[in-house]
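Residue-level structure breakdown
Listed below are the residues making up each chain.
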Amino acid sequence: MTAVAVVGSTGSVGTQTLDVVRAEPGRYEVVALGAGGANVELLVAQAEEHRPEVVAVADGSAAKEVARRLPWCEVRSGGAGADTALASLCESADVVVNGVVGFAGLPITLATLAGGTRLALANKESLIAAGPLVAQVRGTPGAEILPVDSEHCALHQCLRAGQAREVAALVLTASGGPFRGWSREQLAHVTVEEALSHPTWKMGPKITVDSSTLMNKGLEVIEAHELYGTAYDDIDVVVHPQSVVHSMVTFTDGATIAQLSMPDMRLPISYALAYPERSPVAVGAVDWSRLGHLDFEPPDRAAFPCLDLAYEAGRIGGSAPAWLSAANEVAVEAFLAGGLRWRSLPDVLNECLDRHDGTVLDSVDAVIEIDQRAREQARAVLAEVTTS
Ligand code: MG
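A quick note: this is a predicted structure, and the numbers were derived from the prediction, not measured.

Turning our attention to the coordination of the magnesium ion. Bound to the magnesium ion on the protein side are Asp-149 (OD), Glu-151 (OE) and Glu-220 (OE), at distances that span 2.0 to 2.2 Å. Donor residues binding the magnesium ion come from one chain and are separated in sequence as D-x1-E-x68-E. Among the residues examined, Glu-151 registers a relative accessible area of 9% and is labelled buried.

Shown next, in the form of structure tokens:
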């Protein structure tokens, strides 16, 4: 049995991880669950079904409630005891699934890798904001990252077809978002509602807006660089509206290997849990009799400048990806609140990146500090834009 710890268990990746576990009785054992504490009912139900040894809850009062409801289980609270709770989650597990959203997921990534355990990583901040920190602990014997993201999981699968020195290019696919093919004139009048209607994936509002600007794809380029060490010049993006080819690797001999499946996050999750084996339970398998055609086109870099802003931040390196990502969150919040036009998002972010003053990211505190400084700068830029 593979011992699995699921952190962020009540979120989208967490619940889908437990679906994968449930689909293969006898293969996986849930040894720990971790959650913020916003959904006590679901967390208690998950614990009663999977009977973990430990449940960690970030929120103190939610932890008390969970402890009262689960007297047979060790319940740990966040706050002052967070480090011990994390360490105990990681030491008894063969694989830790990090489905936490935001910076709260960073200590889990670092503790898992430092503990020499496999990390099934869905937390984007870990690689985008804290790539240099993650790089420090990745070399721990036994530590490895299996990405829980359709594109990076696809790359992981394709990379198995050759040696690292034989890789010519990573090719990330992008759905293109709801505004694929729109003219500059049309893009000038995008509404919040239009930006929130993603054609393929159902996601939260922030990441849906990021898909519409291609910032999401740009940040994924940075993640691919951090995960696989590929130079930015050798990472390409191609728009593929059907989202069936999840990404590709082109090798030095000209061969391209692609990974295809219908959009379903349970496949990257089961791949991360079962690797180097494969699950006998198929999810998202392509029905070739009904697939029809697959389209590919280059991204419109002039209409969607956020893509190249992310490349720029990635090439600067150090704290620049963290800076851009934090500024983007502030700008997207402003857009969602009606305080910024969609078309102005890249202008704001370009100005923010120009004001990046780099620092060495050698601790979680340094990551949090650069994040806060970036947010302050972004608010300042927004104030200038909206008053001018
Ligand atoms: Mg993705």
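More follows now that the structure is in view.
Further remarks concern the packing of helix α14 (residues 306-316) against helix α15 (residues 320-336). In a packed pair of helices, the relevant descriptors are the angle between the two axes and the axis-to-axis distance. Relative to each other, α14 and α15 sit at 150°, their axes nearing to 7 Å. Within the contact between the two elements, α14 uses Leu-309, Ala-310, Ala-313, Gly-314 and Ile-316 and α15 uses Ala-320, Pro-321 and Leu-324. A class-by-class count of the residues in the contact of α14 with α15 yields 7 nonpolar, 1 polar and no charged.

It is worth spelling out the domain arrangement of the protein at this point. Here the protein is partitioned into domain 1 (2-148), domain 2 (150-262 + 294-313) and domain 3 (317-388). Across the boundary between the two partners, domain 1 contributes 10 residues, which contact 11 residues of domain 3. Each partner contributes to the roughly 800 Å² buried at the junction of domain 1 and domain 3, and carbon and sulfur atoms together form 73% of this total. It is Phe-103, Ile-128 and Leu-133 that lose the most area in domain 1 upon contact with domain 3, and together they represent 50% of the buried surface on that side. Inspection of the domain 1/domain 3 interface yields 0 salt bridges. At the surface where domain 1 touches domain 3, the tally comes to 0 residue pairs in polar contact (both at pLDDT 80 or more). Those elements giving two or more residues to the side of domain 1 that touches domain 3 turn out to be α5 (106-114), α6 (124-128) and α7 (131-137). The residue inventory of the side of domain 1 that touches domain 3, partitioned by class, reads 8 nonpolar, 1 polar and 1 charged.

Let us now look at the packing of aromatic side chains. If you walk through the whole model with that rule in mind, you get 5 aromatic pairs. Ring geometry for Phe-179 and Trp-342: centres 5.1 Å apart, planes at 85°, overall edge-to-face. With Phe-179 in the loop between β8 (167-174) and α9 (184-187) and Trp-342 in the loop between α15 and α16 (345-354), the pair connects residues that are 163 residues apart, well separated along the chain. The exposure class of Phe-179 is buried, given its relative accessible area of 0%. Members of the aromatic cluster, each reached through a chain of ring pairs, are Phe-179, Trp-182, Phe-304 and Trp-342. Here Arg-51 stacks its cationic end above the ring of Trp-72, 3.8 Å away from the centre of that ring.

Formed by 72 residues in total, the largest nonpolar core has its most connected members in Leu-170, Val-249, Trp-342, Leu-345 and Leu-349. With 11 residues, α15 is the largest single contributor of residues to this core. Dropping the residues within four chain positions of it, Leu-345 is found in contact with Val-209, Thr-213, Ala-331, Val-332, Phe-335 and Leu-340. Judged by nonpolar contacts, the second largest core, of 33 residues, contains Val-55, Ala-62, Leu-146 and Leu-273.

A few words now on the side chain of His-156. Relative to the helices and strands, His-156 is located in helix α8 (residues 150-159). Classification of His-156 by relative accessible area gives buried; the value is 13%. Setting aside chain neighbours within four positions, we find His-156 in contact with Ile-145, Leu-146, Pro-147, Tyr-228, Tyr-271 and Tyr-275.

This part takes up the pairing of strand β1 (residues 2-7). Sheet faces and side chains relate simply in a regular strand, where the side chains alternate between the two faces. When you tally the buried positions in β1, you get 5 out of 6 residues, the bulk of the element. Pairing analysis gives 6 bridges linking β1 to strand β2 (residues 28-35), with the strands arranged parallel. For Ala-3, the partnering residue across the bridge sits in β2 and is Glu-29. The β-α-β motif built from β1, the intervening helix α1 (residues 12-23) and the parallel element β2 has right-handed crossover chirality.

What follows covers the environment of Val-364. Considering the arrangement of structural elements, one finds Val-364 in helix α17 (residues 364-387). Val-364 gets classed as partly exposed once you look at its relative accessible area, which sits at 28%. Sequence spacing of Val-364 and Pro-107 is 257 residues, and the spatial spacing of their C-alpha atoms is 7.8 Å. When sequence neighbours within four positions are dropped, the list of residues in contact with Val-364 reads Leu-106, Leu-110 and Leu-133.

The rules behind each value
Along each chain, numbering runs from 1 in the same order as the chain's sequence is written. Given that the model is predicted, a residue must reach a pLDDT of at least 70 before its local features are reported, and side-chain atom pairs must reach 80 or more before they are shown or counted; all residues, however, enter totals for whole chains, interfaces and linings. Here the side-chain values reflect all heavy atoms present in the structure, with hydrogen atoms and water set aside. Note that water is not among the atoms used; donors are N, O and S atoms within 2.8 Å of the metal (3.2 Å for Na, K and Ca), so sites may look incomplete. Only protein chains enter the accessibility calculation, which uses a 1.4 Å probe. A residue is then buried if its area is under 20% of the maximum for its type, exposed if over 50%, and partly exposed in between. Helix axes use the C-alpha atoms of the stretch in contact, all axes being lines fitted to C-alpha atoms, and the angles between their N-to-C directions lie in the range 0 to 180 degrees. Strands are runs of DSSP state E lasting at least two residues, helices are runs of H or I lasting at least four, and both sets are numbered from the N terminus onward. Two residues qualify as a contact provided that any one of their heavy atoms is within 4.5 Å of a heavy atom in the partner residue. For this classification, the nonpolar set comprises Ala, Val, Leu, Ile, Met, Phe, Trp, Tyr, Cys and Pro, the charged set comprises Asp, Glu, Lys and Arg, and every other residue, Gly included, is treated as polar. What marks off one domain from the next here is an automatic or database domain assignment. A 1.4 Å probe defines the accessible area here, and the buried area is the portion of it lost by two parts on being joined, summed over both. Any Lys or Arg side-chain nitrogen found within 4 Å of a carboxyl oxygen on Asp or Glu counts as a salt bridge. Polar contact is defined as a pair of N or O atoms within 3.5 Å, subject to the rule that within protein one atom must be able to donate a hydrogen and the other to accept it, and that residues adjacent in sequence are counted only when both atoms are side-chain atoms. Note on ring pairs: Phe, Tyr and Trp rings are taken, using the six-membered ring of Trp, and paired if centres are within 6.5 Å. Classes follow the plane angle, with under 30 degrees stacked, over 60 edge-to-face and the rest tilted. Whether a charge sits over a ring depends on NZ of Lys or CZ of Arg being within 6 Å of the ring centre and within 35 degrees of the ring normal. As used in this record, nonpolar core signifies buried Ala, Val, Leu, Ile, Met, Phe, Trp, Tyr and Cys residues forming a set joined through side-chain atoms within 4.5 Å. At least two bridges found by DSSP between two strands are what make those strands a pair. By convention a crossover is right-handed if, when the strands point away from the viewer, the path from the first strand over the helix to the second runs clockwise.

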